[in-house]
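# Observations on chain architecture
One letter stands for each residue in the lines below.
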Amino acid sequence: MDEKKLQAELQHHVRNTLLPLFNRYRLDYSDLESILKWKPIVLIIGNYSSGKSTLINEIIGRNIQRTGQAPTDDSFTILTAYGSGDQEKVVPGSTLVNDETLPFGRFKALGEQFISHFRLKKIDAPFLENMALIDSPGMLDAVTEKDRGYDYLAALGEFAKLADLVVLMFDPHKAGTISETYSAIRSTLPDTTGEDRIVFVMNRIDECDNLSDLVRSYGTLCWNLSQMTGRKDIPTIYVTYAPDAAEPSENLSVWLQEREQLKKKILSAPCFRVNHILQDIDRQVNELELVCEAMCTFSSMGRNSLAGVAKFALVAGVAAFFLTGLVLRGLVGVPEEPLVTALLQGTFTPQHLLIPFTGLAGVCFLCWLWFSRWSFPRIIHKCRANMDKLVNLDTSYRKNLWSKVEKKVGMMLQYARLSDLGGVHARNLGRIRKFLARELQGYYNQIR
Ligand SMILES: Nc1nc2c(ncn2[C@@H]2O[C@H](COP(=O)(O)OP(=O)(O)OP(=O)(O)O)[C@@H](O)[C@H]2O)c(=O)[nH]1
Ligand SMILES: [Mg+2]
């Protein structure tokens, strides 16, 4: 299977079939567009001085990134290979966020300060032709947005949304105790990426004095991780060190294997690219399905109510048609000969229909007024008061997605119009379900 071709096909399909529906239901699809635009990405984050840049240099085989004991990097740096006819160069953030072919347009919203701490290095590394590594500023303690000049965690979240793998590095000196790490694990990463895309690494273990020191650091990291994730199951943690930065030692060689496994994992990120795109499309289209399903329920409630009013209008209309003339004659003395009398006496002429039709039109108008001014707003109110009843929340997956789109549905209901009672939502729901059941499944089958 040609993954690039499949990605292009998906991009075309999403643009033509899904984007009009995302627009119709006012759902943000820019994440989906971004992820479809570029190459596979590995994001490397973690404590300052945990060895992020050293690991990147080791993978590339050259000292591309600066390393040092104090917080060294203050920028997000994307490293990728230059294309044919190009050369090694650094592209500034201002160019990156304005390049339509790159997925960084959304980063503009992070502000000038962020843009000046963002760049792309095009380097001579053929294995980076089909992927990019992102080196990041180290996580710090007790920093605020003011200290950095931009919202670091928001930037991290935007990169994590694009990444196929997020490598989160710790070291024994600060085994999960940094406040920015806490916030990233507690909220930023769960909101922006899948658990299966995060890899935990405890680096610099050569600096542990002995085995008991290492066990203590590892235990502390596990404990802190479970506090941060709120979970008792501990994810796999790669325990490694950089061989070039450490003093050579016989006891350590066993951990080099894990270093190799980690590098292999990083280099295999492109293999999961299409799968990740499909997962993201799957999730977003399921959100879209929920919004559309809610609007469908609302529109069918509205139609039921309209049918009730219409039935009443029919009965009242027939009564008004025959009786308006009689009532008026009883009250004000006109018309001289109501329709019913004319029919009984056989003196009917078309003129006798004028008052009956006026009565019928009056009833229809009053019923319409009743529905549009009273019943319809009441249905909206009822739906907004019982939002969970609008959709089928039979699985925790659906409940989770619903919590993300519920507010949006509330807004759509607030601005609902009588035209929403037509069949448009049912037709859209049919299209969305067909995409999920047939087309998306077809793509999944292709990568199996
Ligand atoms: N002993 C030892 N030193 C290491 C290891 N990995 C990195 N270092 C050293 O630790 C220091 C920090 O490494 P960097 O790669 O700059 O760390 P970083 O995570 O990029 O740091 P920031 O960019 O400041 O966030 C450097 O002096 C490295 O040589 C390791 O596994 N063992
Ligand atoms: Mg660094």
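In this text the structure is predicted, and so the values were computed from the model without any measurement.

What counts as what
- Residues numbered from 1 in each chain as written.
- Chains lettered and ligands numbered in written order.
- Predicted model: local features only at pLDDT ≥ 70, side-chain atom pairs only at ≥ 80, totals over all residues.
- Heavy atoms only, no water.
- Helix = DSSP H or I, 4+ residues; strand = E, 2+ residues; numbered from the N terminus.
- Rg over C-alpha atoms; globule rule 2.2 N^0.38 Å.
- Buried < 20%, exposed > 50% of the residue type's maximum accessible area, 1.4 Å probe, protein only.
- Contact = heavy atoms within 4.5 Å.
- Near = heavy atom within 4 Å.
- Polar contact = N/O pair within 3.5 Å; in protein donor to acceptor, adjacent residues only side chain to side chain.
- Areas by Shrake-Rupley, 256 points an atom, 1.4 Å probe, with all protein chains shown as cover.
- Nonpolar A, V, L, I, M, F, W, Y, C, P; charged D, E, K, R; others polar.
- Salt bridge = Lys/Arg side-chain N within 4 Å of Asp/Glu carboxyl O.
- Axes fitted to C-alpha atoms, helices over the stretch in contact; angles between N-to-C directions.
- Parallel < 35°, antiparallel > 145°, perpendicular 65-115°, else oblique.
- Left-handed = near helix turned anticlockwise from the far one by under 90°.
- Pairing = 2+ DSSP bridges.
- Core = buried A, V, L, I, M, F, W, Y, C linked by side-chain atoms within 4.5 Å.
- Domains from an automatic or database assignment.

## Quick word on the overall build of the protein chain
A count of helices and strands for the protein chain gives 15 helices and eight strands. What you see for the protein chain is a C-alpha radius of gyration of 32 Å, clearly larger than the 22 Å of a compact globule of 448 residues, by over 25%. Across its three principal directions, the C-alpha atoms of the protein chain cover 120 × 50 × 45 Å. The burial tally for the protein chain puts 47% of its 448 residues in the buried class. Restricting the contact set of the protein chain to residue pairs at least 6 apart, pairs at least 24 apart contribute 79%.

## Some remarks on the site of ligand 1
Taken together, the neighbourhood of ligand 1 is formed by 23 residues, with K52, T54, T72, D206 and A242 sitting nearest. Between ligand 1 and the protein, one listed contact pairs an oxygen atom with a backbone N or O atom of S50 at 3.1 Å. Within the contact set of ligand 1, an oxygen atom lies 2.8 Å away from a side-chain nitrogen or oxygen of S53. When ligand 1 sits alone it has 640 Å² of accessible area, and the protein chains cover 92% of it. Here the shell around ligand 1 is composed, by residue class, of six nonpolar, twelve polar and five charged.

## Quick look at the pattern of salt bridges
Inspection of the entire model under this criterion finds 22 salt bridges. A salt bridge links R204 to E207, with the shortest nitrogen-to-oxygen separation between them at 2.9 Å. On the basis of relative accessible area, E207 is assigned to the partly exposed category, the value being 32%. Between K263 and E260 there is a salt bridge whose closest N-O contact spans 3.4 Å. Of this pair, K263 and E260 both sit in helix α10 (residues 253-267), separated by three residues, roughly a single helical turn. Taking the relative accessible area as the measure of exposure, K263 reaches 15% and is therefore buried. Owing to a relative accessible area of 46%, E260 belongs among the partly exposed residues under this scheme. One salt-bridge network, in which partners are shared between bridges, spans D28, D31, R106, E158 and K161.

## As for the packing of helix α11 (residues 273-332) against helix α15 (residues 424-447)
Where α11 contacts α15, the axes come no closer than 9 Å and their chain directions differ by 165°. The pairing of α11 with α15 is recorded here as roughly antiparallel in orientation. For the pair α11 and α15, the sense of crossing is left-handed. Among the residues forming the contact of α11 with α15, the class breakdown is 17 nonpolar, six polar and four charged.

## Description of the sheet that holds strand β2 (residues 76-81)
Sheet architecture is open: eight strands sit in the order β3-β4-β2-β5-β1-β6-β7-β8, paired in mixed fashion. Since the sheet does not close on itself, it has two edges, and those belong to β3 (89-92) and β8 (237-239), each with one partner. When the angles between neighbouring strand axes are averaged without regard to direction, this sheet yields 25°. In this structure, β3 lies alongside strand β4 (residues 118-123), joined through four bridges in antiparallel fashion. Across the sheet, the residue bridging to V91 is L120, located in β4. The sheet strands contacting helix α7 (residues 152-162) are β1 (41-46), β2, β4, β5 (132-135) and β6 (165-170), and the helix crosses β1 at an angle near 150°.

## Looking at the nonpolar core
Side chains of a nonpolar character, in soluble globular proteins, are inclined to be buried together. Within the largest apolar cluster, 55 residues are counted, with the highest numbers of intra-cluster contacts made by F22, I281, F298, W402 and L413. At the level of elements, α1 (3-24), α2 (30-37), α11, α13 (354-385), α14 (396-414) and α15 are the ones that each hand at least two residues to this core. Setting aside its immediate chain neighbours within four residues, L413 contacts M295, F298, I380, C383, R384, M387 and L390. Counting residues in each nonpolar core, the second largest holds 51 residues, with W38, V91, L102 and L110 among its members.

## Some words on the domain arrangement of the protein chain
Along its sequence, the protein chain is organised into domain 1 (39-267) and domain 2 (283-447). Using only C-alpha atoms to locate each centre, domain 1 and domain 2 end up separated by 55 Å.

## Observations concerning the pairing of β1
Regular strands place side chains that alternate from one sheet face to the opposite one. Burial within β1 is extensive, with six of its six residues counted as buried. Neither face of β1 is open: one carries I41, L43 and I45, the other V42, I44 and G46, and all of them are buried. When β1 meets β5, the two strands line up parallel, connected through four bridges. When the sheet's bridge partners are listed, V42 is paired in β5 with L133. Two elements, β1 and β6, share five bridges in a ladder whose sense is parallel. Among the inter-strand pairings, G46 is bridged to a residue of β6, identified as M169.

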